[in-house]
Structure formats: structure tokens, C-alpha cells
Amino acid sequence: MEHDYKKEVIVPSPLRLFFQLMVMIFTVEAAIMLFLSMLYPREHGILIDIADAVILDVLSAPLLWYLMVRPLRNVAVAEHIQAATIVSRSLDGIITTNEWDLIELFNPAAEAIFGYRGEEVLGKPLTLLMPERYHEAYREGIKRASSKVESRIIGKTLELRGRRKDGNDFPLELSLAAWKVGRDARYACVIRDITERKLADKSERRHLEQLRILNEIGQAVNSTLDLQAVLNLLLSKIDETLPYAATTLRLHNQQTGSLEPVIARNLDEEQCKRSSEVYKSIAMRGLSKAVFDSGAPLKVLNVQTDPRTVQPELFRKQGLVSFLGQPLIADGAVLGVLGVYTKEPHDFTDEEVKFFSTLVAQVAVAIRNAQLYGQIRQQATELEKANRLQADFTAMIVHDVRSPLMNIMSIASVLEDGVFGEMTAEQKKWAGKIIINSSNLANLVSDILDLSKLEAGHIKLVKERFDFGEFARSSLEDYLPRVKEKRISLSLNFDSDVGRIDADPRRLNQVLGNLVSNAIKFTPAGGAIEVGARREGSKGVEMRVKDSGVGIPPDEIGGLFRKYCQVSSAKATGETGTGLGLVICKMIAEAHGGRIEVESEPGKGSTFTLTLPLTRQESGVQADAVLS
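Now for a quick tour of the structure. For clarity, every value in this text was computed on a predicted model and none was experimentally measured. (Residues numbered from 1 in each chain as written. Predicted model: local features only at pLDDT ≥ 70, side-chain atom pairs only at ≥ 80, totals over all residues. Heavy atoms only, no water.)

## What to know about the overall build of the chain
When its secondary structure is counted, the chain shows 20 helices and 17 strands. Relative to its 628 residues, the chain shows a buried fraction of 40%. Of the contacts formed within the chain by residues at least 6 apart in sequence, a portion of 62% connects residues at least 24 apart. As displayed, the chain offers around 36000 Å² of accessible surface, 56% of which is attributable to carbon and sulfur atoms. (Helix = DSSP H or I, 4+ residues; strand = E, 2+ residues; numbered from the N terminus. Buried < 20%, exposed > 50% of the residue type's maximum accessible area, 1.4 Å probe, protein only. Contact = heavy atoms within 4.5 Å. Areas by Shrake-Rupley, 256 points an atom, 1.4 Å probe, with all protein chains shown as cover.)

Printed below as a string of C-alpha cells:
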């Protein structure tokens, strides 16, 4: 209803104001005349003085009207019209009351907010627009304001509840002002409906809470790669943060094709599994299977009556009514189904389904990662088992091959020595070839055995603490005849502070021997080999074997430590080997916590550097057998 507040404005009567001024002027003038007549007696009487005052009053009336009353009236009318326009056009509800708390003004915005027409509330108490729980507090506040006691509500903005004509409560913002008209008190209420703002605030708080829950659950399920731990954390967090009575999670078994229950919360799993036939039917059919087959969320208002429910009496016994199921999808595959239940009928909203879908998508990735991690661990276990079987098989074959080889070498040596009679030069030549080739084959068999055990982890370093310089000098003495025979100079260059190390001397001797043997093999007559060692501060000891041999092409250095690798320079010089020596050296060095590196230049030679730690350190290779 549109009010015409201009017509309702009550402006003071100009005639009434005019006569009030006239009476005041006449009274003052008559009093002056009377006073003067008393000071200066005249012949005429008091009536003449009064008549003079009346005449003067009448003569000044037009001027008084024009100069004072008319402008005052125009200003008052303009101010009232301006105020009425502001009140009628205001978007906020404006209500004024008198000292008896009766409504005197109720603008259109107030009508829209409360649903009342103005004439329905004018003259009625303001408490009509409040829930009953606020009546007493409001009366107390007005009472304090009327008694000039400091009020807690006057001049402040408060958030309260209002009551519409239909009886519904709603949130509002109230600002209350008070003033006096003479001795009468007046109150003005400026009211704003904040329903939409409260809904927006509630929605924002709910959104922030959902983000907090997603973050909390995401951090929990991604904190481990153990599948069972992931599932336990997931259901625990759902139970703590979401208002659901029970939760179940089923994962798809690719071998059987069924959805197998793996974990639940607030659900009597034993009761569900008591009958194997019931367990099987639930796994192969039912609501979870419908979610899995469709790959989409499923809402069920009452699982006890839904025809798709298998064994609804189980849900009746546990008091579960509504169901929301969500497929766990990762990498385009459905991994399983996460379902939640309520004990009261609950129609899941689109917002709830969307939030639950986001949560489940995050969980599905964590479950997929945990499954992949489990598969990798299983494969690693199977691979380790296969490596051990391979090492055992290799050791058995090598043992069976090495024994006949040693017999062949012994027989060839006996024949060469003439134990069974003198041999011709040609026979001795071939007997020698048998010994050399058998020895090479025996070395190959030993390398294969070492490598297979190293790869399978079947090595246990027997470490001792010894002086590295003395050890290296002693080991190199075994190679002096070979360098002398090939006319190669062998020099030692050891720093005095090399010190003691913790290592397996037998394995370290194997590495040093392999490097020196290779240097002798690929260094021509007249060449030089230098074996040096120095200390690298507190980090370790560095040993290098430098030769002036044929060198290694740069593009072949990267493949030196691969099994069965033969560099082109070896083929060019006619030197042969198993291609396993450097691989074994590298694995032994790493088992000690060290490393081996190479620098080479074709035609100028190569330098192999072995670095070992000084302090005691566990081997990187764990094993249960000692190489023989």
C-alpha cells in the first residue's frame, strides 16, 4: 500500500500562531502603556491606553504575518515534506512510537518487511513485531531510556529476531533512537531485514567448513601408502567430521568380480557376515553394486523399503534408513563404493552430493596410490625371491662346472710335467693351451658367481679396521712379475696420512686386483702404471689407478659398468675378458658406501678412482651368505 505522506503532514496552524503572537504583542504593549501612565499621569484613562495598544497591534499584524509567520510556515512545510519523502522512500523499515510504546509511523519498507499494512499496526504496541522472548528485554530497555538511566540499546545497532504477520521469525538489524517533544518521549526504530545476509554468511561458513574437512581428510589419507591405514584414517575422519550414522567401504576384487566389504564404522559387520550366503549376495548385488555398475552417486530415502536392498532386515535391526553411495573412481576405473547411512529419513541435497563426490574423488586417488604401492611392494618381494632363486641356481651350476674345470686343469698340468711320459713340443703346446683356457673359463665362472650373489644381495662384508697404505702395497706385490715381464713401470704414490679405514680386505683386494690387471692388460710394453692414494679430509680415502694405455673412447665410458661390456680398444689389442670385472668392482665399492669413477682419453690412458669412507658404515647390500 503506497502512502501519500505529503497529505498526512500536520503543520502548525498559521492563524493560531498569528493570534498567539498578537496576544503576546498586545500584552507587552498594554503593560508598557500602563507603566508609562503610572510614571506620567495623563488626563485620559486606561481604556484609551488599551485602545492604543489594540490599534498598534492591528497595524503591525500584516507586517508580522508577512515577515515572520509566512516564512516559518513555508520552512516547516518543506521540512515535513522532505522528511515524509525520505521515510516513504527508505529501503529500511522506519517505525516510530510514543512514550506508551504505541506505533505512530509505519513506512512502506516496514510493511514489506513485516507483512502488515500500516493501519493494522498503528496505535498498537511495538512488541507485536517481536518474538515473545524479546518482549521483556525491550520493555526494560525503554523503561531505562524513559527514566534517564543509561540504556544499553538506545543509539546502538543490534541483531535481533523479528516476527512477520504469518508468525515466522526472521533475523533483523535494529537501530533505536529517542528524543523529546516537550515532556513526551518519542522513539524511532530503523529496521533492516538481514535474512539474505545471514543465509550468505551461513553458506560461506558451510563452504569453509567443507574445505576444512576436505583438507583434513586429504592430509590424513595421503599421509601413508599403507592401504589399511588409509582406510582406517578415512572412516575415522568421516566419523569425526560428518553427521552420518554409519559408513561402509567396498573394494572391487578383480579376480572374483565382487565388491568386498573391507572396512566399516558404526555398523555391526559380524551381523552382516554371520550368514555366508547373505554376505555373498550383498557383495554381488544390492545398492553398492548398483552404484558400482552405474559409476554414479545413488540416493535412497529408505533402504528398508527400497526393492534394490538385499536383506533389508539387517538395516532394520541396525536402525539405518537413508543411504548415499558414491563410486570410487581413479584413472577412469571404478575401484569400489563408499556408502554412508543415516538413522532418520534424509533427502540428501545436491550440495551434499557434490561435496561427497569431491571428497570421494580425493579419497579414490589415495586408495589407488596405496594399491599401486602395495602392488610394487609385492612385485619387489617376488623379484627379490626370484633373484635369490637365480643366485642359488647360478651357484649350483657354477659349482658343478668349476669342479670339472679344476680337474681338467690338474690333468693338463700333470701331462705337461711328463708324469705319464715325455711329451713332444707340440703336445706340450696344446696342453698349455688347455690350462690357459681352463683357467680363463674358471675365472669367468667365478665372476658369474660373484655377480649373481651381489645382485641378489647374498653378500655380507666382513669388515676390519686396517691401514689402507700397507694393504695396497702388499696387494700390489702380486703383480710385480707381470709388469716386469711386460716391461711396464709400476710406481706407488701414497700420501703419509692416508690412515685407517673400515672395509672388507678380501673384497677390496678383489677391486684393486681387477683395476691393476686391466691397467697391465691395456698398457703396451714400455708404458707406465701409477697407483696412488690420498685422504679427502674427513670424508674418506681416494685410491686411483692411472695407466698410459690405449684409453677408452668418450662414447663408451658410460657403458663400462654394464654387464658383459667390451670396449673397442680391447678388441683392437686382442685382449679379452668376461666383461664382468668392472661391474663387480662398482657393486663392491657401493656396498662399502663408496663409489668408483673413470677418466680416459684415447691414446693417452685411463684413470680409475675408488673412493671409500673412513668411518664405520653399514654396507648397502644386506645378505646372508659370504662369498667363497
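## Comments concerning the packing of helix α17 (residues 505–522) against helix α20 (residues 581–591)
A packed helix pair is summarised by two numbers, namely the angle formed by the two axes and the spacing between the axes. At a minimum axis distance of 9 Å, the contact between α17 and α20 shows a crossing angle of 145°. For the element pair α17 and α20, the recorded crossing hand is left-handed. Residue-level inspection shows R507, Q510, V511, N514, L515 and N518 of α17 in contact with α20, the latter providing G581, L582, I584, C585 and I588. (Axes fitted to C-alpha atoms, helices over the stretch in contact; angles between N-to-C directions. Left-handed = near helix turned anticlockwise from the far one by under 90°.)

## What to know about the packing of aromatic side chains
Taken as a whole and assessed by the stated rule, the structure comprises 8 aromatic pairs. Pairwise contacts between aromatic rings join F106, F114 and F170 into one cluster. A cation sits over an aromatic face here: R164 above F170, 3.9 Å from the ring centre. (Phe/Tyr/Trp six-rings, centres within 6.5 Å; stacked < 30°, edge-to-face > 60°. Lys NZ or Arg CZ within 6 Å of the ring centre and 35° of its normal.)

## A short note on the nonpolar core
Grouped together as the largest cluster of nonpolar side chains are 42 residues, with contacts concentrated most on F468, I501, L508 and V545. Of all the secondary structure elements, the ones that give two or more residues to this core are α15 (468–476), β13 (500–503), α17, β14 (528–536), β15 (540–547), α20, β16 (595–601) and β17 (605–613). The contact partners of F468, leaving out residues within four places of it in the chain, are F494, V498, G499, I501, L508, A533, V541 and M543. (Core = buried A, V, L, I, M, F, W, Y, C linked by side-chain atoms within 4.5 Å.)

## Let's talk about the pattern of salt bridges
Under the counting rule described, the total for this entry stands at 19 salt bridges. In this structure, K198 and E159 form a salt bridge, with 2.8 Å as the shortest nitrogen-oxygen distance. Of the two residues, K198 sits in helix α7 (residues 195–221) while E159 sits in strand β3 (residues 157–163), which places them 39 residues apart along the sequence. Owing to a relative accessible area of 47%, E159 belongs among the partly exposed residues under this scheme. Of the charged contacts, one joins E530 and R544 as a salt bridge, the two residues approaching to 4.0 Å between their closest N and O atoms. Residue E530 is located in strand β14, and its partner R544 is located in strand β15; the two are separated by 14 residues in the primary sequence. E530 sits in the partly exposed class, given a relative accessible area of 26%. (Salt bridge = Lys/Arg side-chain N within 4 Å of Asp/Glu carboxyl O.)

## Some words on α20
Counting buried residues along α20, 8 of its 11 residues qualify, which places the element largely inside the surrounding structure. Taken as a whole, α20 has its buried residues at G581, L582, V583, I584, C585, I588, A589 and A591.

## Some points on the environment of S474
Turning to its location among the elements, S474 is positioned in helix α15. Since its relative accessible area comes to 44%, S474 is described here as partly exposed. Placed 35 residues apart in sequence, S474 and N509 show a C-alpha to C-alpha distance of 9.8 Å.

## As for a nonpolar patch on the surface
Taken together, the side chains of I411, L415, V419 and F420 present a nonpolar region at the surface, about 430 Å² in accessible area. Within the secondary structure layout, L415 lies in helix α13 (residues 350–416). (Patch = residues over 30% accessible without salt bridge, like charges linked within 9 Å, V, L, I, M, F, W, Y side chains within 5 Å.)

## Re the sheet that holds β16
Ordered by their spatial adjacency, 5 strands build an open sheet running β12-β14-β15-β17-β16, and the pairing between neighbours is mixed. Edge strands, defined here as strands with exactly one partner in the open sheet, are β12 (489–494) and β16. Taken pair by pair, the neighbouring strands of this sheet meet at an average axis angle of 15°, ignoring direction. Here β16 pairs with β17 via 7 bridges, running antiparallel. Each residue of the ladder has a partner; that of E599, found in β17, is T607. Across the face of the sheet, α17 comes into contact with β14, β15, β16 and β17 while running at roughly 25° to β15. (Pairing = 2+ DSSP bridges.)

## Structural notes on the packing of α15 against α17
One way to put it is that α15 packs onto α17 with a least axis distance of 10 Å and a crossing angle of 55°. When the interaxial angle is binned, α15 and α17 end up oblique. The crossing of α15 and α17 is right-handed. When α15 is examined against α17, the residues F468, F471, A472, S475 and L476 are found in contact with a partner set consisting of P505, L508, N509, L512 and V516. Taken together, the residues of the contact of α15 with α17 break down into 8 nonpolar, 2 polar and no charged. (Parallel < 35°, antiparallel > 145°, perpendicular 65-115°, else oblique. Nonpolar A, V, L, I, M, F, W, Y, C, P; charged D, E, K, R; others polar.)

## Here we look at the side chain of S288
Within the secondary structure, S288 is located in helix α11 (residues 286–294). Polar contacts involving the side chain of S288 include one to the side chain of R250, which spans 3.5 Å. Not counting residues up to four positions away in its chain, the partners in contact with S288 are R250, L259 and V337. (Polar contact = N/O pair within 3.5 Å; in protein donor to acceptor, adjacent residues only side chain to side chain.)

## Considering the pairing of β14
Pairing of β12 with β14 involves 6 bridges; the strand directions are parallel. Paired with L490 across the two strands is I529, which belongs to β14. Strand direction decides the pairing type here: β14 and β15, joined by 8 bridges, are antiparallel. Of the residues in β15, the one forming a bridge with R534 is E542. Between β14 and β15, which follow one another and run antiparallel, lie 3 residues, and G537 among them has a positive phi close to 60°.

## What to know about the sheet that holds strand β8 (residues 298–300)
Across the sheet, which stays open at both edges, the 5 strands sit in the order β7-β6-β10-β9-β8 with antiparallel pairing between neighbours. Of all the strands in the sheet, the pair left with one neighbour each is β7 (259–265) and β8. The average undirected angle you get between the axes of adjacent strands in this sheet is 20°. Inspection of the sheet shows β8 paired to strand β9 (residues 322–330) by 3 bridges, in the antiparallel sense. Among the inter-strand pairings, K299 is bridged to a residue of β9, identified as L324. Strands in contact with helix α8 (residues 227–241) are β6 (246–252), β7 and β10 (333–342); relative to β7, the strand with the most contacts, it is inclined by about 50°. Across the sheet, α11 touches β6, β7, β8, β9 and β10, and the angle it forms with β9 is around 40°.

All quantities given are derived from atomic positions and should not be read as evidence of function.
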